[in-house]
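Residue-level structural notes
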Amino acid sequence: AQTVTQSQPEMSVQEAETVTLSCTYDTSESDYYLFWYKQPPSRQMILVIRQEAYKQQNATENRFSVNFQKAAKSFSLKISDSQLGDAAMYFCACAQGGSEKLVFGKGMKLTVNP
Amino acid sequence: EPEVTQTPSHQVTQMGQEVILRCVPISNHLYFYWYRQILGQKVEFLVSFYNNEISEKSEIFDDQFSVERPDGSNFTLKIRSTKLEDSAMYFCASSEARTANIQYFGAGTRLSVL
């Protein structure tokens, strides 16, 4: 069975600083995909970044990048130059190849301090 | 930008009553999903739906649950006889294709069973 673990329930960061959100996962499949979703207060979850497990290169999207350590089954999200609008719940998720379901971590609340 | 819409945002019902949660997926999407999040717990996959039939479901999705796409735009989740433990946030999602494809989420319906 797949599991996704986010061990830090909350973090805070100063505006313009960098923060790293941790996530570990476990899957028996070799074909899988990893995601970070962001959920601002009272809003829907939106995709931040996606990583295919077969790709060695870490995904990046503007200020967001991941550190994908396949052997360690670790998938952390780095947010550079944090902005007030980055404040949200962040969910790490995994999808196995051939399955449509996302398996989520418990989420982490990020606060950005001005 | 197109988005997934869910109605109502909050539904209160009495134990034993039937509820229908409604979702309007993004118009050109072909895959539809329901997830739920019990307060303080992880977001959990319930069911995926494609080509007018269930393509995958979790063990949570028992005979009390059903899904339907009654017309070309709506996607509904019905709970036949609600239990207290059905109280949760229910999220609808849709995607253009399966597995690694991005799932777009609605803002959720909070179901409170009294």
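Residues numbered from 1 in each chain as written. Chains lettered and ligands numbered in written order. Predicted model: local features only at pLDDT ≥ 70, side-chain atom pairs only at ≥ 80, totals over all residues. Heavy atoms only, no water.

Describing the state of the cysteines
Residues and elements named next belong to chain A. We apply this condition: To count as a disulfide, a pair of cysteine sulfur atoms needs to be within 2.5 Å. Strands here are runs of E lasting at least two residues and helices are runs of H or I lasting at least four, both read from the DSSP assignment and numbered beginning at the N terminus. Buried means the residue's accessible area, taken with a 1.4 Å probe over protein chains only, is under 20% of the maximum for its type, while exposed means over 50%, and partly exposed covers the values in between.
Inspection of every chain in the model, using the stated rule, returns two disulfides over all chains. Covalent S-S linkage joins C23 and C92, the inter-sulfur distance amounting to 2.0 Å. Judged by the torsion about the S-S bond (-70°), the C23/C92 disulfide is left-handed. Taken together, the positions of C23 in the loop between β3 (19-21) and β4 (24-26) and C92 in strand β10 (residues 88-96) put the pair 69 residues apart, joining distant regions of the chain. With respect to class, C23 is no different from C92; both count as buried.

Re the packing of aromatic side chains
Quick note on the threshold: Put simply, two rings from Phe, Tyr or Trp (the six-membered ring, in Trp's case) pair if the centres are within 6.5 Å, and we call them stacked under 30 degrees between planes, edge-to-face over 60, tilted for the rest.
For the structure shown, the criterion picks out 17 aromatic pairs over all chains. Taking the centre distance of 6.3 Å and the plane angle of 35° together, the rings of F35(A) and Y37(A) count as tilted. The same class applies to F35(A) as to Y37(A), namely buried. Arranged with centres 4.3 Å apart and planes meeting at 10°, the rings of Y31(B) and Y50(B) form a pair that is stacked. Here Y31(B) is found in strand β4 (residues 31-37), whereas its partner Y50(B) is found in strand β5 (residues 43-50), with 19 residues between them in sequence. Y31(B) sits in the buried class, given a relative accessible area of 11%. With relative accessibility at 34%, the residue Y50(B) sits in the partly exposed group. Within the aromatic cluster, the residues linked to one another by ring pairs are F35(A), Y37(A), F91(A), F104(A), Y33(B), Y35(B), F45(B) and F105(B).

A look at the interface of chain A and chain B
In plain terms, the rule: Contact between two residues is taken to exist if any of their heavy atoms lie within 4.5 Å; hydrogens are not considered. Accessible area, probed at 1.4 Å, shrinks when two parts are joined; the buried area is that loss added up over both. A side-chain nitrogen of Lys or Arg and a carboxyl oxygen of Asp or Glu constitute a salt bridge if their distance falls within 4 Å. Gly falls in the polar group here, along with every residue not listed as nonpolar (Ala, Val, Leu, Ile, Met, Phe, Trp, Tyr, Cys, Pro) or charged (Asp, Glu, Lys, Arg).
Across the boundary between the two partners, chain A contributes 21 residues, which contact 24 residues of chain B. For the pairing of chain A and chain B, the buried interface totals around 2000 Å² over both sides, and the portion due to carbon and sulfur atoms is 54%. Its largest share of buried area at the contact with chain B, chain A owes to Q44(A), M45(A) and E100(A), together 34% of the area lost on that side. Joining chain A to chain B, the criterion identifies zero salt bridges. Where the side of chain A that touches chain B is concerned, the elements lending two or more residues are β5 (32-39), β6 (46-52) and β10 of chain A. In terms of residue count, β5(A) provides more of the side of chain A that touches chain B than any other element does, four residues in total. In terms of residue class, the side of chain A that touches chain B is made up of nine nonpolar, seven polar and five charged.

Quick look at the side chain of S66(B)
Relative to the assigned elements, S66(B) resides in strand β7 (residues 65-68). Not counting residues up to four positions away in its chain, the partners in contact with S66(B) are F61(B), T76(B), L77(B), K78(B) and R80(B).

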